[in-house]
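# Observations on the three-dimensional arrangement
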Amino acid sequence: MALSLEELKTGYYNMVLAREFERKCEALFQQGIIRGSLHMCIGQEATAAGTALALRDDDILITNYRGHGHALAKGISPRAAMAEMLGKVTGCCKGKGGSMHWTDLSKGIMPANAIVGAGLPTVVGCALAAKLDGNDNVAVTFFGDGATNQGVVHEAMNLAAMWQAPAIFICENNLYSEMTPISQTTNNKDLVERAAAYNIPAEIVDGNDIEAMHDAVCRAVTRGRQGKGPTFIEAKTYRTVGHMIGDSQIYRDKAEVEAWRAPERDPIMRLGAKLLGHGLTASQLTAIEQEVTRVIEDAVQFAKDSPYPALDEVYVDVFEHRIA
Amino acid sequence: MRELTYSQALREALYEEMARDANIILLGEDIGVYGGLFKVTDGLLAKYGPNRVLETPISESGFIGAAVGLAMCGKHPMAELMFMDFAWVAADQIFNQACKMRQMSGGQVSVPLVIRTQQGGGRGNAAQHSQSLEAHFAHIPGIKIALPSTPYDAKGLLKQAFRENDPVIVIEHKLLYNTKGNVPEQLAPIPFGVADVKRTGKDVTLISYSRTVLHALEAAETLAQAGIDVEVIDLRTIHPLDMDTIAKSVRKTTRVVIAHESHRNAGFGAELSARISETCFGWLDAPIERVGALDVPIAYSQPLEAHTLPSPDKIVQAVKRVKL
């Protein structure tokens, strides 16, 4: 289903939001305000924005440690997300989860996962619950190319196929499994071949093209809602930053990275050019970008102004009832 | 008085709980037509159908992960782990996922998951099918641990497991399934964290759980003939732990023996010993003795296995050492 101009503008907003959110986190990390882990999704924003435009609030999302873009596009509050990054009690996980576990049940966002590939069986369970309940929700999970070599990913695909659960597996193939090229660790050029082993319909999509991404996810969502089982999508993309903050990136050529940052490959610039072609003016694009800047500044201020959790909070949320 | 075997009592609990709560779904290997390796789920597929009794492939990580997803989406799954030793296969999904979702999400997500499994040696199953691993679970916050020693407790504790809104592991013992005991038709769930004083005594406190309770009671009989009056405590759950009952008994007897089938080194007895030292040091008249399996893999050959595992006689000797 083709995206309307309004939807494309929403997509553009979400992509710029994801990128600028990450840039702000990077700056705050360098200032020592954010600690721990930070795996930025810069360069991969179209997979998130295209997918979110195909989903409803009650569809489930389980993303991973590189999932800020996915959660923001699915509707998590930038204030709650930034407060989480700063470990504040107003964060989307009360400051207990940090960068890698953002959650917002009101938007169908289940806890993001920091173990490579581990979200797949869980998302199959969520999809199976929808099927057993007889609703037409789907459950979507994102994972990287590296995850396709984890055993549990294969177990999960087999279970989804067996149960014909409405799970949508979106593999963001950014060519690097952490700091090692996927080509060095895998003898499949196309990772959709992994889905074929389980009789799961699969397709390859240009992950830096929001419209192509949206179309593919729409097909998967339709299949899921109609009770036709799981789908595997391999989104070819590229992270134009390191695996995590501080990554030296000695494993790849700078020229390769620069090529992916070029206007004809960068997902945001590609959509920007498309919007201009649809008649949007440069100042209208700038207005979207300025709105993103305002939202992020507001989120940072909110996060900085928020208190840390009370120390007593360590005993809360371990079990249903507080311990000790 | 009605007698049931341990496995009949477990099965009755499942029948009753599944009738009470339509959200209870069973998953596991061979649990449907075959009725489970130890026949605990016999007849449940016929009674409740394939949407509630789900036969899984041999994918412990996969189906326990799927159970986590089901639990987060409003179901109350019970995953049957055929042998406790396979917990390592599913360790990520149990320890990194099920145990942490509530906390990582700041309390937004609940994981009401019951894992049923069986452990222990004495049947010649050798090193990969005979281990007792409850101490590993006790080390990780976020899961409750029940170890019934009788048919009565098996039914009552399993019923309680389904009343918890958190992960629970019910650890059965493979040599208890055919043991018989009194189980009333109407049996309320047994609250967790309430130890059962199986036998009162004034000379020595003997703390145990699971099948080793039977050894402890046999040892107590032998010791009674030698004039030593032993109090036997069955913990029933080790998380939560009923320290009140333990402390009350220790302050009365001033001498303690802890007996379990898991390895002695870093076994749960070590934790119990430390806690008793912290709370009852001034009352103790002898060092605390621990009886456990030797710190070696459990061998197949019958004499070697028997030499490795605890026995009533080893418990008798330990009690005599503290009562010199």
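Predicted model, so just to flag it, every value in this text is computed and none were measured. (Residues numbered from 1 in each chain as written. Chains lettered and ligands numbered in written order. Predicted model: local features only at pLDDT ≥ 70, side-chain atom pairs only at ≥ 80, totals over all residues. Heavy atoms only, no water.)

With that settled, consider the overall build of chain B. Per the secondary structure count, chain B includes twelve helices and 14 strands. Scaling as 2.2 N^0.38, a compact globule of 324 residues should have a C-alpha radius of gyration of about 20 Å, and chain B matches this with 19 Å. Across its three principal directions, the C-alpha atoms of chain B cover 60 × 40 × 40 Å. Considering chain B as a whole, with its 324 residues, one finds that 63% of them fall into the buried category. (Helix = DSSP H or I, 4+ residues; strand = E, 2+ residues; numbered from the N terminus. Rg over C-alpha atoms; globule rule 2.2 N^0.38 Å. Buried < 20%, exposed > 50% of the residue type's maximum accessible area, 1.4 Å probe, protein only.)

Now for the domain arrangement of chain B. Residue and element names in this part refer to chain B. For chain B, the assigned domains are domain 1 (3-182) and domain 2 (196-323). With centres defined by C-alpha atoms, the gap from domain 1 to domain 2 works out at 26 Å. Opposite the 27 residues of domain 1 that make contact, domain 2 presents 24 residues. Buried area between domain 1 and domain 2, both sides added, is near 2,000 Å², and the carbon and sulfur share of it is 59%. Joining domain 1 to domain 2, the criterion identifies one salt bridge. Counting every contact that joins domain 1 to domain 2 gives 14 residue pairs in polar contact (both at pLDDT 80 or more). Elements that contribute at least two residues to the side of domain 1 that touches domain 2 include exactly helix H6 (134-139), strand S6 (144-146) and helix H7 (151-161). (Domains from an automatic or database assignment. Contact = heavy atoms within 4.5 Å. Buried area = accessible area lost by both parts, 1.4 Å probe. Salt bridge = Lys/Arg side-chain N within 4 Å of Asp/Glu carboxyl O. Polar contact = N/O pair within 3.5 Å; in protein donor to acceptor, adjacent residues only side chain to side chain.)

Right, let's get into the packing of aromatic side chains. For any pair of aromatic rings, geometry is given as the distance between the ring centres together with the angle between the planes. Counted under the stated rule, the structure contains twelve aromatic pairs over all chains. Look at A:Tyr176 and A:Tyr238: their rings are 6.2 Å apart centre to centre, the planes differ by 80 degrees, and that puts the pair in the edge-to-face class. Taken as a pair, A:Tyr176 in strand S4 (residues 176-177) and A:Tyr238 in the loop between strand S7 (231-236) and helix H10 (254-261) lie far apart in primary sequence, 62 residues in all. In this pair, the class of A:Tyr176 matches that of A:Tyr238, namely buried. Centroid distance B:Phe38 to B:Tyr177: 4.7 Å. Interplanar angle 25 degrees. Geometry classified as stacked. A residue pair is termed long-range when its members are at least 10 positions apart, and B:Phe38 in the loop between strand S2 (24-28) and helix H2 (44-48) and B:Tyr177 in the loop between strand S7 (168-173) and strand S8 (180-182) qualify at 139 residues. What links up through ring pairs into an aromatic cluster is the set B:Tyr6, B:Phe38, B:Phe83, B:Phe86 and B:Tyr177. (Phe/Tyr/Trp six-rings, centres within 6.5 Å; stacked < 30°, edge-to-face > 60°.)

To continue, consider a nonpolar patch on the surface. A contiguous nonpolar surface patch, about 260 Å² in accessible area, is contributed by A:Val314, A:Tyr315 and A:Ile323. Position of A:Ile323 among the secondary structure elements: in the segment after helix H12 (282-305). (Patch = residues over 30% accessible without salt bridge, like charges linked within 9 Å, V, L, I, M, F, W, Y side chains within 5 Å. Areas by Shrake-Rupley, 256 points an atom, 1.4 Å probe, with all protein chains shown as cover.)

Here we take up the pairing of strand S10 (residues 204-208) of chain B. Residue and element names in this part refer to chain B. The element S10 is largely enclosed, with a buried count of five among its five residues. The side-chain alternation of S10 yields two buried faces, one formed by Val204, Leu206 and Ser208 and the other by Thr205 and Ile207. Alignment of S10 against strand S11 (residues 230-234), held across five bridges, turns out to be parallel. Across the sheet, residue Leu206 finds its bridge partner in S11, namely Val232. Taken together, S10, helix H8 (residues 212-225) and S11 constitute a β-α-β crossover, and its handedness is right-handed. Where S10 meets strand S13 (residues 256-263), four bridges bridge the pair, whose relative direction is parallel. Directly across from Ser208, in S13, lies its bridge partner Ala259. (Pairing = 2+ DSSP bridges. Right-handed = clockwise from strand over helix to strand, strands pointing away.)

Let's shift gears to helix H4 (residues 78-85) of chain A. All names here are of chain A. The element H4 is extensively covered by neighbouring structure, given that seven of its eight residues are classed as buried. Of all the residues in H4, the buried ones are Pro78, Ala80, Ala81, Met82, Ala83, Glu84 and Met85. Residues of H4 that are buried in the fold lie against helix H1 (5-30), helix H3 (68-74) and H12. The opening residue of H4, the one whose side-chain oxygen lies 3.2 Å from the backbone nitrogen of Arg79, is Ser77.

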